[in-house]
Amino acid sequence: PYVIPVLRAQFTEQGMSGDQLDRTVSMAATATKFVAYAMPIMIALFTAIAALLMLAIGAALDVKVRFGTLFSLVMAGGMITLLQQVANFIVVCSKGPEDIQTMADIVQPFGLDIFIPAHGVAGAALSITSVFVIWQIVMVALTYSNIARVSKGKAFMITAPVALLLAFVAGLSSHRG
């Protein structure tokens, strides 16, 4: 209920009106529905890629864990990302429609940049690194350590690069401008 009115307002500010505005908003609504239906496939694809990366890094460090186990681990770690989305939803729903004017009002800033102001690369890194991302990295690494029966340090070396890569991709997809 929030995205389409915001898009309509943004397109109107860009000078669209009449039929062109209606067609553009209709296409945006269709794209939003398509993304909603395609999301499970995209999640499975990124989960498989993350599991394969952990499998490869683990193999390079002589750690043997099955792909299915890693796939399940990454999927379970993704529940923390789901909690971040629920938190975002709660914050957005707590606002009134009049408070939602731009897409930045819909995607809440949970990055560490709300605590530490920075610009450039450091600011971008802080904006995609949230408490949820840190929680996810820690939980996946500790679980990997237990599953693979390796030290916590080795588990972090295997899982952290994958988690940071996924956080970077997620940060790019939810960039707030």
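Residues numbered from 1 in each chain as written. Predicted model: local features only at pLDDT ≥ 70, side-chain atom pairs only at ≥ 80, totals over all residues. Heavy atoms only, no water.

Colleague: Would you mind going over the overall build of the chain with me for this structure?
Modeller: Helix and strand counts for the chain come out as seven helices and zero strands. Counting helices and strands in the order they occur from the N terminus, the chain gives α-α-α-α-α-α-α. Taken along the three principal axes of its C-alpha coordinates, the chain extends 65 × 35 × 30 Å. Across the 177 residues of the chain, 31% fall into the buried class. In the chain, 54% of the contacts between residues at least 6 apart in sequence involve partners at least 24 apart. When the accessible area of the chain is evaluated, it comes to approximately 11,000 Å², of which 71% is carbon and sulfur surface. Within the chain, one finds 10 positive and 8 negative side-chain charges whose respective centroids are separated by 20 Å. (Helix = DSSP H or I, 4+ residues; strand = E, 2+ residues; numbered from the N terminus. Buried < 20%, exposed > 50% of the residue type's maximum accessible area, 1.4 Å probe, protein only. Contact = heavy atoms within 4.5 Å. Areas by Shrake-Rupley, 256 points an atom, 1.4 Å probe, with all protein chains shown as cover. Lys, Arg positive; Asp, Glu negative; His and termini not counted. Charge placed at Lys NZ, Arg CZ, Asp CG, Glu CD.)

Colleague: Please explain the packing of helix H3 (residues 67–94) against helix H6 (residues 131–148) as it appears in this structure.
Modeller: What describes two packed helices is the angle between their axes and the distance between those same axes. In the contact formed by H3 and H6, the axes pass within 10 Å of each other and the chain directions differ by 160°. Classified by the interaxial angle, the pair formed by H3 and H6 is roughly antiparallel. Relative to H6, the crossing made by H3 is right-handed. Residues Thr69, Leu70, Leu73, Gly77, Gly78, Ile80, Thr81, Leu83, Gln84 and Ala87 of H3 pack against Phe132, Trp135, Gln136, Met139, Val140, Thr143, Tyr144 and Ile147 of H6. When its residues are assigned to classes, the contact of H3 with H6 shows 11 nonpolar, seven polar and no charged. (Axes fitted to C-alpha atoms, helices over the stretch in contact; angles between N-to-C directions. Parallel < 35°, antiparallel > 145°, perpendicular 65-115°, else oblique. Left-handed = near helix turned anticlockwise from the far one by under 90°. Nonpolar A, V, L, I, M, F, W, Y, C, P; charged D, E, K, R; others polar.)

Colleague: Is there a simple way to think about the pattern of salt bridges in this case?
Modeller: This model, assessed by the stated rule, comprises two salt bridges. As a salt-bridge pair, Arg8 and Asp22 come within 3.4 Å of each other at their nearest N and O atoms. Of this pair, Arg8 sits in helix H1 (residues 3–13) while Asp22 sits in helix H2 (residues 18–60); the two residues are 14 residues apart in sequence, bridging distant segments of the chain. Classification of Arg8 as partly exposed rests on a relative accessible area of 34%. Look at Asp22 and you get partly exposed, because its relative accessible area is 41%. In this structure, the salt-bridge partner of Lys64 is Asp62, at a minimum N-O distance of 3.3 Å. Just as Lys64 is exposed, Asp62 falls in that class too. (Salt bridge = Lys/Arg side-chain N within 4 Å of Asp/Glu carboxyl O.)

Colleague: How should the packing of aromatic side chains be read in this particular structure?
Modeller: Any aromatic ring pair is given by two values, namely how distant the centres are and how the planes are angled relative to each other. Evaluated as defined, the whole model comprises three aromatic pairs. Ring centres 6.0 Å apart and planes at 45° place the aromatic pair Phe67 and Phe71 in the tilted group. Separated by four residues within a single helix, Phe67 and Phe71 lie in helix H3, roughly one turn from each other. For Phe67, a relative accessible area of 32% translates into the label partly exposed. An aromatic cluster of three or more residues is present, and its members are Phe110, Phe132 and Trp135. (Phe/Tyr/Trp six-rings, centres within 6.5 Å; stacked < 30°, edge-to-face > 60°.)

Colleague: Looking at this structure, how should I read the environment of Ala141?
Modeller: Its place among the elements puts Ala141 in helix H6. A residue is classified by how much of its surface remains accessible, and Ala141, at 1% relative accessible area, is buried. Sequence separation between Ala141 and Asp19 is 122 residues; the distance between their C-alpha atoms is 52 Å. Ignoring anything within four residues of it in the chain, the contact list for Ala141 reads Ala155, Phe156 and Thr159.

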